[in-house]
Amino acid sequence: MLVIGLIREGKIPADNRVALTPGQCKWMQKHLPNCKIQVQSSPNRCFSDQEYIDAGIEVTEDLSDCSILLGIKEVPVDMLLPDKTYLFFSHTKKKQPYNRGLMHAMIDKKITLIDYECLEHEDGQRIIGFGFFAGIVGAHNGIMCYGNRTGAYHLNRVVEVKDYRQLIHTYFGLKLPNIKIAVTGSGRVAHGILEIMNLMDVQEVEPDEYMDRSFSYPVYVHLKGANLYRHTINGTYQRDHFHAHPDEYNCVFRQYYAHTDILMNGIYWDHQIPRLFEMKDLQDLAFRIQTIADITDDKGGSVPCNLGDATIDDPVYGVDKNSFTKTAPYLPGGVDVMAVGNLPNELPRDASKYFGEQLIKYVLEDLLKGGAETIQRATILQNGQLTSHFTYLSDYATR
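All of these numbers come straight from a predicted model, not from anything done at the bench.

Student: Quick rundown of the overall build of the chain? Include the residues and the values.
Tutor: When its secondary structure is counted, the chain shows 13 helices and 18 strands. Over its C-alpha trace the chain gives a radius of gyration of 22 Å, about what one expects of a compact globule, namely 21 Å for 399 residues. Expressed as lengths along the three principal axes of its C-alpha atoms, the size of the chain is roughly 65 × 50 × 35 Å. Taking all 399 residues of the chain together, the buried fraction comes to 53%. Summarising the internal contacts of the chain: among those between residues at least 6 apart in sequence, 68% fall at separations of at least 24.

Student: Could you give me a rundown of a negative patch on the surface, with the residues and numbers involved?
Tutor: Together, Glu204, Glu206, Asp208 and Asp212 give the surface a local cluster of negative charge. You can see glutamate 206 is positioned in the loop between β8 (203–204) and α7 (207–212).

Student: Let's hear about the UniProt feature "active site" (unreviewed entry) in the chain: which residues, and what values?
Tutor: Per the UniProt annotation, the sites labelled "active site" (unreviewed entry) are Lys73 and His91. Across 19 residues of sequence, these annotated residues stay compact in space, with a maximum C-alpha separation of 8.6 Å. Here lysine 73 shows up in the loop between β4 (68–70) and β5 (85–88). Those residues in contact with lysine 73 that lie beyond four places of it in its chain are Glu9, Lys11, Asp15, Arg17, Phe88, Phe89, His91, Gly341 and Asn342. Here histidine 91 is to be found in the loop between β5 and α3 (100–108). Not counting the four nearest positions on each side in its chain, histidine 91 is found in contact with Lys73, Glu74, Gln96, Tyr98, Asn99, Asp115, Glu117 and Tyr396. Among the polar contacts made by the side chain of histidine 91, one reaches the side chain of glutamate 74 at a distance of 3.2 Å.

Conventions we followed
- Residues numbered from 1 in each chain as written.
- Predicted model: local features only at pLDDT ≥ 70, side-chain atom pairs only at ≥ 80, totals over all residues.
- Heavy atoms only, no water.
- Helix = DSSP H or I, 4+ residues; strand = E, 2+ residues; numbered from the N terminus.
- Rg over C-alpha atoms; globule rule 2.2 N^0.38 Å.
- Buried < 20%, exposed > 50% of the residue type's maximum accessible area, 1.4 Å probe, protein only.
- Contact = heavy atoms within 4.5 Å.
- Patch = residues over 30% accessible without salt bridge, like charges linked within 9 Å, V, L, I, M, F, W, Y side chains within 5 Å.
- Areas by Shrake-Rupley, 256 points an atom, 1.4 Å probe, with all protein chains shown as cover.
- Salt bridge = Lys/Arg side-chain N within 4 Å of Asp/Glu carboxyl O.
- Lys, Arg positive; Asp, Glu negative; His and termini not counted.
- Charge placed at Lys NZ, Arg CZ, Asp CG, Glu CD.
- UniProt positions renumbered as here; feature names shortened; annotations may be inferred.
- Polar contact = N/O pair within 3.5 Å; in protein donor to acceptor, adjacent residues only side chain to side chain.

And the structure:
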């Protein structure tokens, strides 16, 4: 009997999402007779303990009988159980300094870590994630932020509605001004942004139209890799080559910022990929952007004026264009930045259901049978040892 545990989220502020909903746990126990699920009691989870109990799932404090433990955010060091297999977003694959202690603790406790972020299809596309709902909430917040700055319209917070269906109803009658919105990226985050663009009746236009024309209605341009990057020597873009050698490319987003009111950033970024623009570009008189929804949320990353995480309670801050320092939002001489690391928490039940569906559909079978290549490629630690796919983390993992 394989026992799977859903752990209580311990990171502060508390995350209220979960990897499997009560209904999904019930389905698994019915259709997978050799699988049992235990749920660690939690006061913060978007599905209550009672909802799991009503679904016939055991709620307990002690998960020591579990072989596999499923979480969402990083697990606090004092909550880690030794010799267990964990799945969560560890935020260690980029050698994030703030999680180095977590890496050391997992090594000491001989933990096997399978990182959701590293679960990929053969072509490198992420298998599961909350990106779609991050895009939904982030795009809403970006539009809300621009309305707060300009006073042209008003949007309430996503967190004030019960679910995604109710959120859609809040857009009825919303009339946006003739703004131009740049959407970057091609993954789940971008798909979520585009969903909101369509629901708000923002029309898509081609890049040349976006830069050459004025419109009497709100428009957006969708900028993917081929629109954003050019090889420094031959001026072309080839996706596989770009991902292998991003340092050989320049970013050409600057040609768009003179025509953009709102930037919705959903592009993947790491340290070798050129930024969309540089901090000094904020001082360019042609820099028209007033609102940036940095949904992928890399501090100092593709959006250099991301000065760090905001919170769901207070999601927007300003950045002064002259001093490059953080200020209150909506001030003259500043650009407003929405950068929140747990955006799907504003629609936690919908986001959890979506995540669990992907987990069951694409990961569960491989996880239960063990040894699947998909799981192996996503296993950062095996019994406390770095696996062959992650030896590049050796300096990070060493004290």
